[in-house]
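A look at the structure
Single-letter residue listing:
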Amino acid sequence: LMEINYNGNSIQLIPHNKVWYGGENTLTTIIFDAIDNIDMKNKTVLDIGCGTGIMSIYALKKGAKSVTCVDILPEAIECTKQNLAINSYDGNVFLNNLSENITDKFDVIIANLPFAIQQENLNTISKNMHKDSVIIISWESVHYIYPRIEELTKDFQMIILNVKEMKKVLEDLKFLESENWKLPF
């Protein structure tokens, strides 16, 4: 059991060796900051690629009404269920690829994925958005999305948070690269 503390919020996590847990690294805290910048009171949240469930738990701590958590790894689904429970929350958690087979619309969508979100992924996800939805996209997606922000936000009526900050973090990480550790672009 580990404890993650951020902005006065404590999250208990039981990590799993096959599931990326986020921890207190810079990318995780940037997503926490994005969540902090949204009035989460009574919001519905879709967490795509939920991993340990850390983002959903943080959203619930910030006032979200409900969370739906999906991942393609069975281990992530079990891990998220367990972590929601130890933090005294529950959610709709199930095995799924992106947001396929999900018809509900959500106020906030978190897509912290270890691969770049491409146009076809955005087409899949956009069906779960209404005109006031906010989507938080991070990790690999920043490299793909950053040059196309205006086009994507127009096409999908979404707000992409934290992209400038993510770009700065990626630049900082690029600076920290070594021969043993490289960014994938």
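Model, not experiment: these values are computed from the prediction. (Residues numbered from 1 in each chain as written. Predicted model: local features only at pLDDT ≥ 70, side-chain atom pairs only at ≥ 80, totals over all residues. Heavy atoms only, no water.)

What follows is about helix α3 (residues 74-86). If you check α3, its first and last C-alpha atoms are 19 Å apart, about what 13 residues at 1.5 Å a residue would give, namely 18 Å. Ala-76, Ile-77, Cys-79, Thr-80, Asn-83 and Leu-84 are the residues of α3 that are buried. Seen along its axis, α3 keeps its buried residues to an arc of 165°; they face one direction. Ser-88 sits one or two residues past α3 and shows a positive phi near 65°. (Helix = DSSP H or I, 4+ residues; strand = E, 2+ residues; numbered from the N terminus. Expected span 1.5 Å × (residues − 1). Buried < 20%, exposed > 50% of the residue type's maximum accessible area, 1.4 Å probe, protein only. Arc of directions from axis to C-beta.)

On to the packing of aromatic side chains, then. Applying the stated criterion across every chain yields a total of three aromatic pairs. Here the aromatic rings of Tyr-6 and Phe-32 are separated by 5.4 Å at their centres, their planes lie at 45°, and the arrangement is tilted. Taken as a pair, Tyr-6 in strand β1 (residues 2-6) and Phe-32 in helix α1 (residues 26-36) lie far apart in primary sequence, 26 residues in all. With respect to burial, Tyr-6 and Phe-32 carry one shared label: buried. Centroid distance Phe-32 to Tyr-58: 4.1 Å. Interplanar angle 20°. Geometry classified as stacked. On the criterion of sequence distance, the pair formed by Phe-32 in helix α1 and Tyr-58 in helix α2 (residues 54-61) is long-range, its members being 26 residues apart. Since its relative accessible area comes to 0%, Tyr-58 is described here as buried. Three or more aromatic residues link up through ring pairs in this structure, and these residues are Tyr-6, Phe-32 and Tyr-58. (Phe/Tyr/Trp six-rings, centres within 6.5 Å; stacked < 30°, edge-to-face > 60°.)

Note: predicted coordinates in regions of low pLDDT should not be interpreted at a detailed level. When pLDDT is averaged along the protein chain, the result is 77; 65% of the residues meet or exceed 70. The model gives residues 154-164 a pLDDT under 50, and that stretch makes 37 contacts with residues more than four places away or in other chains. Note that pLDDT drops below 50 for residues 173-185; the model gives that stretch 12 contacts with residues more than four away or on any other chain. (pLDDT = per-residue confidence, 0-100. Contact = heavy atoms within 4.5 Å.)

Quick look at the nonpolar core now. Counting 28 residues, the largest nonpolar core has Ile-11, Phe-32, Met-40, Val-45, Ile-110 and Ile-136 as the members making the most contacts within it. Elements that contribute at least two residues to this core include exactly β1, β2 (9-13), α1, α2, β4 (66-71), α3, β6 (106-113) and β7 (129-139). In terms of residue count, the dominant contributor to this core is α2 (six residues). Membership of the second largest hydrophobic core comes to 13 residues, among which are Leu-46, Met-129, Ile-135 and Ile-137. (Core = buried A, V, L, I, M, F, W, Y, C linked by side-chain atoms within 4.5 Å.)

Most of strand β3 (residues 44-48) sits inside the fold, with five of its five residues counted as buried. Residues Thr-44, Leu-46 and Ile-48 point to one face of β3 and Val-45 and Asp-47 to the other, with burial holding for every one of them. With five bridges joining them, β3 and β4 adopt parallel strand pairing. Within β4, the position partnered with Asp-47 by the bridge is Cys-69. Remark: the β3/α2/β4 crossover connection has right-handed handedness. Bridge count for β3 against β6 is four bridges, and the pairing is parallel. Looking at the pairing, Ile-48 lines up with Ala-111 of β6. (Pairing = 2+ DSSP bridges. Right-handed = clockwise from strand over helix to strand, strands pointing away.)

Further remarks concern the pattern of salt bridges. A full pass over the atoms with the stated rule returns three salt bridges. In this structure, Lys-62 engages Asp-36 in a salt bridge whose closest nitrogen and oxygen atoms are separated by 3.3 Å. Taken as a pair, Lys-62 in the loop between α2 and β4 and Asp-36 in helix α1 lie far apart in primary sequence, 26 residues in all. For Lys-62, a relative accessible area of 31% puts it in the partly exposed group. Judged by its relative accessible area of 24%, Asp-36 is partly exposed. (Salt bridge = Lys/Arg side-chain N within 4 Å of Asp/Glu carboxyl O.)

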